[in-house]
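Next come the chains, spelled out residue by residue.
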Amino acid sequence: MVDVRRVKLPGVGVLHTFVTDDGGKVGVITHRSGHSDLITFADAGDGSDATKVSLRLDEDEAHTLAELLGGTKITEGISNLDAIPGLSIDWFTVDYEDHIAGQQLGNLASRGVVGLTVVAVVRGESANPAPADDFKVFPGDTLVVAGSPEKVAKAFAFYRTGSMPTKAPAETPSGG
């Protein structure tokens, strides 16, 4: 039987991980918003960079993958998570085609998104906590943001397209 490790991620959801027979690790981050991130990575015992893969799935896609793999729907209990009401912590991985790629973070409050914080920008193996508005973002960077789910969705839409939606999308956009 596989030993599954469960870790609560306050404001985010739950992380489940296990180690495969060949030494790789598989994880699923089930977000409070309903989407999931399937992650795989290998521990590098020699100190070199480990191979990492991340795939964001919406709720239906996560259920479909679980059915294809013959698993159970463990994400159903996420509503019982000890959560901080009104707070969502999520991350946005910057792709080459995203508006924010090569741009400065800027001040989202000037665009009408007040109460959202870019907690950090992760670049490679290092984090840049509390980046300033003039921090330049590059493809491959991961923006860690905190705010209400609606404000996070608005910020992600802006980072992707360059325009601020007048109404937040019904679902939180995937973070690539």
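Just so it is clear, the model here is predicted, and its values are computed rather than measured.

**Q** Describe the pattern of salt bridges, listing the residues and the values that go with them.
**A** One pass over the structure, following the stated rule, counts four salt bridges. A salt bridge links Arg56 to Asp37; the shortest N-O distance between them is 2.7 Å. Of the two residues, Arg56 sits in strand S5 (residues 52-57) while Asp37 sits in strand S4 (residues 36-42), which places them 19 residues apart along the sequence. Assigned by exposure class, Arg56 and Asp37 land together as buried. With a shortest N-O distance of 2.7 Å, Arg123 and Asp141 are connected by a salt bridge. Separated by 18 residues along the polypeptide, Arg123 in strand S7 (residues 117-123) and Asp141 in the loop between strand S8 (126-129) and strand S9 (142-147) bring together distant segments of the chain. On the basis of relative accessibility, which here comes to 30%, the residue Arg123 falls in the partly exposed class. In the salt-bridge network here, residues are joined through shared partners; they are Asp37, Arg56 and Asp90.

**Q** Got a sec to walk through the layout of surface pockets? Specific residues and values, please.
**A** By volume, the largest pocket is sized at about 730 Å³. Taken together, 23 residues line the largest pocket, and the ones lying closest to its centre are Lys52, Ser54, Trp91, Thr93 and Thr142. Only S4, S5, strand S6 (88-93), S7 and S9 provide two or more residues apiece to the lining of the largest pocket. Considering only residue class, the lining of the largest pocket consists of ten nonpolar, eight polar and five charged.

**Q** Go over the confidence of the model for the protein chain with me, naming the residues and quoting the values.
**A** Per-residue confidence for the protein chain averages 76 on the pLDDT scale, and 78% of its residues sit at or above 70. When pLDDT is averaged over each element of the protein chain, S9 comes out on top at 88 and helix H1 (residues 59-69) at the bottom at 73. Confidence drops under a pLDDT of 50 for residues 72-82, and excluding neighbours within four residues, the segment shows 18 contacts in the predicted structure. Counting interchain partners and residues more than four positions distant, the pLDDT-below-50 stretch residues 168-176 has 22 contacts.

**Q** I'd like a rundown of the pairing of S9, residues and numbers included.
**A** For S9, a buried count of six out of six residues is recorded, marking the element as mostly surrounded by other parts of the structure. Residues Thr142, Val144 and Ala146 of S9 are buried on one face, and the alternating residues Leu143, Val145 and Gly147, pointing to the opposite face, are buried as well. Of the strand pairs in this sheet, S6 and S9 are connected by six bridges, and their pairing is antiparallel. When the bridges of S9 are listed, Trp91 appears paired with Val144. Alignment of S7 against S9, held across five bridges, turns out to be antiparallel. Paired with Val122 across the bridge in S9 is Thr142.

Reading guide: rules and limits
Residues numbered from 1 in each chain as written. Predicted model: local features only at pLDDT ≥ 70, side-chain atom pairs only at ≥ 80, totals over all residues. Heavy atoms only, no water. Salt bridge = Lys/Arg side-chain N within 4 Å of Asp/Glu carboxyl O. Helix = DSSP H or I, 4+ residues; strand = E, 2+ residues; numbered from the N terminus. Buried < 20%, exposed > 50% of the residue type's maximum accessible area, 1.4 Å probe, protein only. 1 Å grid on protein atoms, 1.4 Å probe; cavity = no way out; pocket = protein on both sides within 12 Å on 5 of 7 lines; lining within 4 Å. Points joined across faces, edges and corners; volume = space filled by probe spheres on them. Nonpolar A, V, L, I, M, F, W, Y, C, P; charged D, E, K, R; others polar. pLDDT = per-residue confidence, 0-100. Contact = heavy atoms within 4.5 Å. Pairing = 2+ DSSP bridges.

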